Amino acid sequence: MKVSRVATAGLLVGLLVSASVSSLLPAAGSPAPAAGATSSDRPLRQLAGRELLVGTAVDHAAFTSDTTYRDRVGAEFSSITAENVMKWEVVEPERGRLDFSAADDLMAAAKRNGQQVRGHTLLWHNQLPAWLTQGVESGDIDAGELRGILRQHITDEVRHFRGRIYQWDVVNEVIDDNAQLRDTLWLRVLGPGYIADAFRWAHKADPKAKLFLNDYNVEGVNAKSDAYLALAKDLLAQGVPVHGFGAQGHYGVQFGFHSAAEVAGNLGRFEALGLETAITEVDVRMLMPPDTVKLQAQAQGYSVLLQGCLLARRCNSFTVWGFTDKYSWVPGFFEGQGAANLLDETFAAKPAYREMQAVLTLVGRR
């Protein structure tokens, strides 16, 4: 990133003593700005400029059916991530039959909108095609064949998007909440070497793409982020082409947040290894229904993650996992929780959106 991190850090010191700076901008509940808006009420991508890619995960079904959603994706963000349509179950629903059509739609839209694209995700333990999981479970697919299948999948997908993806989440959520390698079919059948293999294969398919580890509950220093630091050191010592570390940023109001300094300090540990960093999947859920206190707390959650990224020297991408409550994944996975995004179900700005505007505006004034 071409941002002066010393200047940014100095400016953000003042923000760290306050939970919110959003009073500098229009009130929450007002419509989010259209592209080309004047003064400080501008889209996030304009406020961030070239110094930080501000992105969103994109729901392909909503993108193709909802004009307001589609227009906001283009106007608001400088980077997009396919929420689901680059995952293995979508791109190879039947063995040997590749289908990148939905992902190609998003790639074409990103090109029209002057946006960068994060690739998500090459290897995960969820959302795998049934033919793969059933084949492993039945014993029809043994270790040697599984390794070949994985190599082919990574090679096919990365080559398909070669030169058009600036960062890939290569392995996703490979460490569990006990700070151990996650017990998955990949670990059970292939052993821990599958992680290094995935990075090597991805790099061979696109040598220019930045290749990332990615996980949740690693925003601050804890046993899990310590385990990732050890994993990154081990991979780098082997000469494995790992280029970055992504902290997802799935927060809950009821659990509290790290401070911006804590986020930046944790990212700095990975940057000291020579890695880039990114905040990759931010949302801040709450127990329903929302109220003023919860919404203000949510704004703080978004703010500390954004400030933490800006304080870190090599954090070059900040992505929210959806931007409107209308299409949020949260209610379907966390019973009784929701309202996790920057805009409400009518696309009206919430305090969290105004907080992000305020932080980016102040940084832009340095």
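Residues numbered from 1 in each chain as written. Predicted model: local features only at pLDDT ≥ 70, side-chain atom pairs only at ≥ 80, totals over all residues. Heavy atoms only, no water.

## Section: the confidence of the model for the protein
Link 1 in the chain: Predicted confidence across the protein gives a mean pLDDT of 92, with 89% of residues reaching 70 or more.
Link 2 in the chain: The low-confidence segment residues 15-19, where pLDDT is below 50, has 10 contacts with residues more than four positions distant or belonging to other chains.
Link 3 in the chain: In the predicted structure, residues 34-39 sits below a pLDDT of 50 and forms eight contacts with residues beyond four places in sequence or in another chain. (pLDDT = per-residue confidence, 0-100. Contact = heavy atoms within 4.5 Å.)

## A closer look at the environment of Leu-231
Link 1 in the chain: Of note, Leu-231 is situated in helix 11 (residues 223-237).
Link 2 in the chain: Put simply, Leu-231 and Leu-213 are 18 residues apart on the chain and 9.6 Å apart in space, counted from C-alpha to C-alpha.
Link 3 in the chain: Excluding anything up to four places from it in sequence, Leu-231 contacts Val-174, Ile-175, Ile-195 and Leu-213. (Helix = DSSP H or I, 4+ residues; strand = E, 2+ residues; numbered from the N terminus.)

## Some remarks on the environment of Lys-111
Link 1 in the chain: Topologically, Lys-111 is positioned in helix 6 (residues 101-112).
Link 2 in the chain: According to the relative accessible area criterion, Lys-111 is exposed, its value standing at 73%.
Link 3 in the chain: Each C-alpha atom of the pair Lys-111 and Arg-164 lies 9.3 Å from the other, and the pair is 53 residues apart in sequence. (Buried < 20%, exposed > 50% of the residue type's maximum accessible area, 1.4 Å probe, protein only.)

## Some remarks on the pairing of strand 4 (residues 167-172)
Link 1 in the chain: Among the six residues that make up strand 4, six are buried, leaving the element largely enclosed by the rest of the structure.
Link 2 in the chain: With four bridges connecting them, strand 3 (residues 116-123) and strand 4 associate as parallel partners. Directly across from Leu-123, in strand 4, lies its bridge partner Val-171.
Link 3 in the chain: Looking at chain direction, strand 4 and strand 5 (residues 210-215) are connected through five bridges and run parallel. Among the inter-strand pairings, Val-171 is bridged to a residue of strand 5, identified as Leu-213. (Pairing = 2+ DSSP bridges.)

## Quick notes on the packing of helix 12 (residues 260-271) against helix 13 (residues 292-311)
Link 1 in the chain: Across the interface, helix 12 lies against helix 13 with an axial gap of 7 Å and an inter-helix angle of 45°. The angle between the axes of helix 12 and helix 13 places the two elements in the oblique class. Relative to helix 13, helix 12 is oriented so that their crossing is right-handed. Facing Ala-260, Ala-261, Val-263, Ala-264 and Leu-267 of helix 12, the residues of helix 13 in contact are Val-304, Leu-305, Gln-307, Gly-308, Cys-309 and Leu-311. (Axes fitted to C-alpha atoms, helices over the stretch in contact; angles between N-to-C directions. Parallel < 35°, antiparallel > 145°, perpendicular 65-115°, else oblique. Left-handed = near helix turned anticlockwise from the far one by under 90°.)

## Describing the state of the cysteines
Link 1 in the chain: Under the criterion given, the structure shown has one disulfide.
Link 2 in the chain: Here Cys-309 pairs with Cys-315 through a disulfide, and the sulfurs are 2.1 Å apart. Taking the sign of the torsion about the S-S bond as the criterion, the disulfide between Cys-309 and Cys-315, at about -100°, is left-handed.
Link 3 in the chain: Its relative accessible area of 0% is what places Cys-309 among the buried residues.
Link 4 in the chain: Owing to a relative accessible area of 0%, Cys-315 belongs among the buried residues under this scheme. (Disulfide = S-S within 2.5 Å.)

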